[in-house]
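Chains, contacts and geometry: an overview
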Amino acid sequence: MAQTLAMPPEAAAAAERKALLRKSHPVLVPLIYAIVIILAQLVIHRHLTDYVGPDNDDVMRLVEVRDFLGGQGWFDMMQYRLGLDGGTLMHWSRFIDLPIASLILFFRLFFSPEGAEAAALTVWPLMLVLPLMAFMGLAGRRIGGVEGMHFSLILTSLFVLTSGRFVPGSIDHDNVQLGLVALAVAMLADESYKPRNFAIAAVALAIQLGIGAETTPFVAVACVAVACLWAWDGAVFAPAARAFALTLTIAVSGAFFSLVPPRLYSMVTCDNLSLGFYGIISVGCVGLLLSALFASRLSRPWRMAVLAANGAAVLATTVAIAPQCLRNPLADLDPMLVELWLSKVTEAQSIFSIARTTPDGLGAFYATGFLAMLVCAFRIMRGERARLHAILMALVAVNWAITLVQVRGAEFSNLLAIPPLALLLADLRRISAADTEDVGAAFFYVVTALISAPAVWAVGGALADKGIVNSFTVAPPAKAEETSNCASKEALAPIANLPPGVIAAASNMGAPLLRFTPHRTLSGPYHRDPDGMLAELHIGLAEPQQAEALLRDAHVTLVAFCKGDPQVETLSELKPRGLYAQLGAGHVPAYLEPIPTPTKSDVQFFRFKPQE
């Protein structure tokens, strides 16, 4: 400040402009935030013992990428080593496999095959921090100016640091989906209705559909929001509506034909891009395009009627070609799989399950999304940029509603809550700064900043549940079964060099078995493998004499048994005379021949030799 005062007025003004530019540059500022976050992630996670993330999906993605690099076709999404004879048709996307595979090929120029995988899997999730910060910074800037950009970036930084999706080794597709959601929101936040921005939003939505079905409700609400903007504003919004509808039609067509093999063009599935979603999106886009071309100058009531007719056409198309997609894709799972698998999956828990099992997490999962919806509703009622806040509220609400059913939606609702909360914080900061003696305004600003971060709710929940003393004391040693090593490379090494066979093992061991061994495994924690999972469950529950026949029918050659696996424990408790319970008690039937393992291994391996 003293140096600035000593300068001539013209030089001082130029220095202030440069300083302001550095603080408000739309590219440089998000880049600085991103670099700091990436460095922080590397420091925080520098002691990781495995270069693949802990989630089964991370492991399965690597298996899929390896198969792709090994020559499996672009359109061939079969996982031949998962499930019963013939394998399992997976619902994942080559849109994610391709960049990861490319990074591995690049790093093979410098490292061993394993080293190349480690480098690629470290770089990939950290790379994704850059676009996420750029898109969230842009969204905050468009909604709340320079201050809104900074608040958006601060909240997004906390989000990234507390999320497992941007940790080295996290190669599941959710991190990419989060970035695409941020891009779509940044583009839809354009209140000047530039066609280019809405075209970019359409491309982001199409890629989301090509990657996975998790964000399908978000895509649907975004499309409805654009259609409603057209119906409300008419000719003013028509160019943006045309750009959006035409681009989305072309982009989703490109995604469909680049991902779906011709033999599956007529198949309708609800967990990935297929004829169902393609047909629904295409009908809606064509309807909006024609409406924007020929009905934009009609009166608002007539445009509303046209919008309703388009909605009826989309609904009729859905009922005609994909009625099953109107309900939960997992609704048809066998009740045994729901009870013994799906109900145990953490990210599939509902708000009622969370309230019962981990009530301290309720705030982290639900509070910020609910707060954002309240803020949007308040601004809509006051007429403050009502269109923008209606869109933001709808996008947060759909993901928040998903979180009520399956907590996996929390990351998306928490991310989408950031833009409206960033604007609120920017307004509160200005109010507080305008009157530095107003303690109430300052207090309200600070409290709002704290409750806008899910991490604060997580800490508060832990303190409320355990108390201050217990929250900062060392946890008691875990039980032996809670630290069982069932899926590491060392644990599975005894069968890694055996001739390829078929393994019966708990589903949580499925992906690691595919990663570390050449064998096919009956069971993996994926709804596309219901028959394999059921076969393994029946084997574990059956008494040893009946289990022999089931093992023979499934062509099993090896059994991998880990007493500490949660599923094994559950099955052993359900059927004390079942195969898993008997193996846990040390009673090995004659048709199972033990395979020598290291003394420290928690997994027992057996060759299956049917009795004559």
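Everything numeric in this text was worked out from a predicted model, so none of it was measured.

In terms of regular secondary structure, the protein is built from 27 helices and seven strands. Each of the three principal axes of the protein carries a C-alpha extent, and together these read 95 × 60 × 50 Å. Here the protein holds 612 residues, and 50% of them are scored as buried. Approximately 28000 Å² of the protein is accessible, and the part contributed by carbon and sulfur atoms is 66%. Here the protein contributes 43 positively and 48 negatively charged side chains, and the mean placements of these two sets differ by 8 Å.

Relative to the helices and strands, glutamine 177 is located in helix H8 (residues 174-188). Engagement of the side chain of glutamine 177 in a polar contact is seen with the backbone oxygen of glutamine 208, the distance being 3.3 Å. The contact partners of glutamine 177, leaving out residues within four places of it in the chain, are Gln208, Ile211, Gly212, Glu214, Thr215 and Phe412.

Below, the discussion takes up the nonpolar core. Met60, Phe198, Leu205, Phe237, Phe244, Leu248 and Leu395 are the most contacted members of the largest nonpolar core, which totals 131 residues. The element contributing the most residues to this core is helix H7 (residues 129-162), with twelve residues. Filtering out sequence-adjacent residues up to four positions away, phenylalanine 244 remains in contact with Phe198, Ala202, Leu205, Cys223, Val226 and Leu288. Among the nonpolar cores identified, the runner-up in size contains 33 residues, and Ala535, Leu551, Phe561 and Leu571 belong to it.

For the rest of this paragraph, the subject is the state of the cysteines. Disulfides are covalent bonds that connect the sulfur atoms of two cysteines. This model, assessed by the stated rule, comprises two disulfides. Between the sulfur atoms of cysteine 270 and its disulfide partner cysteine 325 the distance amounts to 2.0 Å. Between cysteine 270 and cysteine 325, the S-S dihedral sits near -85°, and the bridge is therefore left-handed. Remark: cysteine 325 occurs in the loop between helix H13 (300-321) and helix H14 (335-340) and cysteine 270 occurs in the loop between helix H11 (238-259) and helix H12 (275-294); sequence separation between them is 55 residues. Taken individually, cysteine 270 and cysteine 325 each receive the classification buried, so the pair is uniform in this respect. Going through the protein in sequence order and numbering each bonded cysteine, the pairs you get are 1-2, 3-4. Here cysteine 223 stays free of any disulfide, with the sulfur of cysteine 285 as its closest cysteine sulfur at 5.7 Å. Residue cysteine 223 is classed as buried on the basis of its relative accessible area of 17%.

Looking at the protein, the pLDDT average stands at 92 and 93% of residues meet or exceed 70. Counted against residues more than four places away or in other chains, residues 1-5, with its pLDDT under 50, gives two contacts. Note on residues 472-482: pLDDT is under 50 here. Beyond four places in sequence and across chains, it has four contacts.

Reading the values: rules and limits
Residues numbered from 1 in each chain as written. Predicted model: local features only at pLDDT ≥ 70, side-chain atom pairs only at ≥ 80, totals over all residues. Heavy atoms only, no water. Helix = DSSP H or I, 4+ residues; strand = E, 2+ residues; numbered from the N terminus. Buried < 20%, exposed > 50% of the residue type's maximum accessible area, 1.4 Å probe, protein only. Areas by Shrake-Rupley, 256 points an atom, 1.4 Å probe, with all protein chains shown as cover. Lys, Arg positive; Asp, Glu negative; His and termini not counted. Charge placed at Lys NZ, Arg CZ, Asp CG, Glu CD. Polar contact = N/O pair within 3.5 Å; in protein donor to acceptor, adjacent residues only side chain to side chain. Contact = heavy atoms within 4.5 Å. Core = buried A, V, L, I, M, F, W, Y, C linked by side-chain atoms within 4.5 Å. Disulfide = S-S within 2.5 Å. pLDDT = per-residue confidence, 0-100.

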